[in-house]
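Here is what each chain is made of, one letter per residue.
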Amino acid sequence: MIGLISATSAGAAARDRLAAAWPGRTRVYEGPVGDAVRTAFVECEQLVCFLATGAVVRLVAPLLGDKTSDPGVVCVDEGGRFAVSLVGGHAGGANELAREVGELLGAEPVVTTATDAAGLPGLDLLGLPVEGDVAAVSRALLDGEPVVLEAESPWPLPALRVAESGDHVIRLTDRLVDAGEREVVLRPPSLVVGVGASRGAPVEEVLGLVRDALRDAGLSAASLAHLATVDAKAEEPGVVGAARELGVPLVTFGAPELAAVEVPNPSNAPLAAVGTPSVAEAAALAGGGELLVPKRKSSRADGHAAMATCAVVRRPARGRLAVVGLGPGARDLLTPRAKAELQGAAVLVGLDQYVDQIRDLLRPGTVVLESGLGAEEERARTAVAEARKGQAVALIGSGDAGVYAMASPALAEASDDIDVTGVPGVTAALAAAAILGAPLGHDHVSISLSDLHTPWEVIERRVRAAAEADIVVTFYNPRSRGRDWQLPKALAILAEHREPATPVGVVRNASRPDESSRLTTLGSLDPAWVDMMTVVTVGNTATRRIAGRMVTPRGYRWQEDPK
């Protein structure tokens, strides 16, 4: 919950805007400001104070305890010009909250946390449990001192600007080791514990068994990804409770699936009870990996038979591939999610001219693998290969990466041994349509006129089908120096079914500094106006030119002309 505190009518107006925008996230505290701050500090995870920074400093100073547990505090000035991350930038989430508040109120977020200001990822914000001397290692990264990354297994991390030797160390391990001086230990979620349990097995017995198995094997519980068991035990209180206490999900598998997993210690007892000769080992191994702790049973002080079994597996490290759409070119049309993926990547793969668009957003140390036009398949293979090494990879494309771009060749190359996420982007067709008016107000289709990878006969058949169906058409890759006849041919096919006065929009470099556009007709379009940086949108028989804009009616009944 985010506590909102204000002292003046101007602050209250901004406060109420936040409260209205985030009704489920916020709580307004009324009354004397000092009392409101003290109460909200105890009750909320974060605070937004619409007060002078000095006043907030004096109010929260006596309340501060530990940065790992204190709420994040953001201060917004009376004029609503700045949203200052005051306390708890990382652990309390104040840095991100300042950015959110700034975006909503039109204020400038002020973040002074050193790693954020320098464009470096905070070691405590990597999404992994972290132990050790975070301050010293972070300072070394900021000062450009050599920091060594010792990864016992590959795991996708953002660019960290590390060296081969140095006095400061970032160790990535699931082993139960203590961080040394000038050392940070990151815990990857690499361990899976399979659990079997008799009906009524106590939570304490299951929990104690899991913890003992990890400790005795020299493994850290902080690297536990999830507990796994058979579907029949999905609601067993002891198993469910143990997962809750450990703070991890419970993953279940069907008995036939577990029965197909080869295990070293099958047994007739679980076969008779739940239909598989192994629960603990099979559930742990169901996702693949190395069996570190074979099946072991719980021990009971009362001498009764064990009611729980477990096995521990180190699952294979999985690289991560983000296929990112950069939009049509304008920075303000690049989505926040795309920016986050670019900054979370250790390796960036892309066309050189697209890399140039976003190079300033990359974190220091990001490995950039760029190539020129015509190397699409090579880039796709490179990105997938880097992800298979356990890297966090971003593969970029213009517009939406899934529309005539890199997503399809990359996903055709990728198998299920890496994690893949897609980040949508504003397409050229949408950017051009927004400039022209509303040409895509009804059914529409995009067709590429490039016959480099698709036979012209196939393209022509698609153009003819769109013409006969009276669908608005957006042409991608319409004309180049080596392909100058395809656009006239496509327009001639459309002209067989549409009047010469049909509106046509021509947009070049949509959203970029040298953007240009013109609205013409099917009969007047000169192909010489068009090149590979152009998008051509041809209306259907209902498309009209209204006040200088291209509009395709949606067909609402209330817009019909009276008879």
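Above this text you will find the structure in question.
Predicted, not measured: the structure shown is a model, and the values here were computed from it.

Draft legend 1. The arrangement of the overall build of the protein chain in detail. Looking only at helices and strands, the protein chain features 18 helices and 28 strands. Projected onto the principal axes, the alpha-carbon positions of the protein chain cover approximately 90 × 65 × 60 Å. Within the protein chain, the proportion of its 563 residues that are buried is 46%. On the protein chain, the mean spot of the 54 positive side-chain charges and the mean spot of the 70 negative ones are 4 Å from each other.

Draft legend 2. Region of interest: the sheet that holds strand β2 (residues 26-28). Strand order in the open sheet formed by 6 strands is β2-β1-β3-β4-β5-β6, and the pairing between neighbours is mixed. Each edge of the open sheet carries a strand with a single partner, namely β2 and β6 (108-110). Ignoring which end each strand starts from, the neighbouring axes of this sheet average 25° apart. One ladder, built from 4 bridges, connects strand β4 (residues 72-76) with strand β5 (residues 82-87); its direction is antiparallel. Across the sheet, residue Val 74 finds its bridge partner in β5, namely Ser 85. Of the strands in this sheet, β1 (2-6), β2 and β3 (46-50) touch helix α1 (residues 9-21), which is tilted by about 160° from β1.

Draft legend 3. Representation of the environment of Ala 405 within the structure. Note that Ala 405 resides in the loop between β19 (392-397) and α15 (407-413). For Ala 405, a relative accessible area of 18% corresponds to the buried category. The spacing of Ala 405 and Val 323 is 82 residues in sequence and 9.8 Å in space, taken between C-alpha atoms. In this structure, Ala 405 is in contact with Ser 398 and Asp 400, ignoring residues within four places of it in sequence.

Draft legend 4. Region of the structure containing unusual backbone geometry. At Asp 470, a position not held by glycine, the phi torsion is positive, near 60°. With respect to the helices and strands, the residue Asp 470 is situated in the loop between α17 (456-468) and β23 (472-476). Here Asp 470 falls in the partly exposed class, since its relative accessible area comes to 27%. You will see that Ser 511, though not glycine, has its phi angle at about 75°, which is positive. Turning to its location among the elements, Ser 511 is positioned in the loop between β24 (503-508) and β25 (516-521).

Draft legend 5. Structural view of the sheet that holds strand β21 (residues 437-438). Read across the sheet, 3 strands follow the order β21-β28-β27 without closing on themselves; strand pairing throughout is mixed. This sheet does not close on itself; its edge strands, each paired only once, are β21 and β27 (544-546). In the sheet, β21 pairs with strand β28 (residues 549-551) via 2 bridges, with the strands oriented parallel. Bridging from a neighbouring strand, Ala 438 pairs with Val 551 of β28.

Draft legend 6. How the structure looks around the pattern of salt bridges. Enumeration according to the criterion identifies 30 salt bridges in this entry. Across the pair Asp 77 and Arg 81 runs a salt bridge whose closest N-O atoms are separated by 3.4 Å. Look at Arg 81 and you get exposed, because its relative accessible area is 55%.

Draft legend 7. Broad picture of the side chain of Asp 400. Mapped onto the elements, Asp 400 comes out in the loop between β19 and α15. A distance of 2.7 Å separates a polar atom in the side chain of Asp 400 from the backbone nitrogen of Gly 402.

Draft legend 8. Quick look at the pairing of strand β12 (residues 224-230). The buried fraction of β12 is high, at 7 of 7 residues. As paired elements, strand β11 (residues 191-197) and β12 share 4 bridges and run parallel to each other. Residue pairing for β12: Gly 194 is matched across the bridge by Ala 228. Handedness of the crossover joining β11 and β12 through helix α7 (residues 203-216): right-handed. Bridge count between β12 and strand β13 (residues 250-253): 4 bridges; the pairing is parallel. Of the residues in β13, the one forming a bridge with Ala 228 is Val 251.

Calculation rules
- Residues numbered from 1 in each chain as written.
- Predicted model: local features only at pLDDT ≥ 70, side-chain atom pairs only at ≥ 80, totals over all residues.
- Heavy atoms only, no water.
- Helix = DSSP H or I, 4+ residues; strand = E, 2+ residues; numbered from the N terminus.
- Buried < 20%, exposed > 50% of the residue type's maximum accessible area, 1.4 Å probe, protein only.
- Lys, Arg positive; Asp, Glu negative; His and termini not counted.
- Charge placed at Lys NZ, Arg CZ, Asp CG, Glu CD.
- Pairing = 2+ DSSP bridges.
- Axes fitted to C-alpha atoms, helices over the stretch in contact; angles between N-to-C directions.
- Contact = heavy atoms within 4.5 Å.
- Salt bridge = Lys/Arg side-chain N within 4 Å of Asp/Glu carboxyl O.
- Polar contact = N/O pair within 3.5 Å; in protein donor to acceptor, adjacent residues only side chain to side chain.
- Right-handed = clockwise from strand over helix to strand, strands pointing away.

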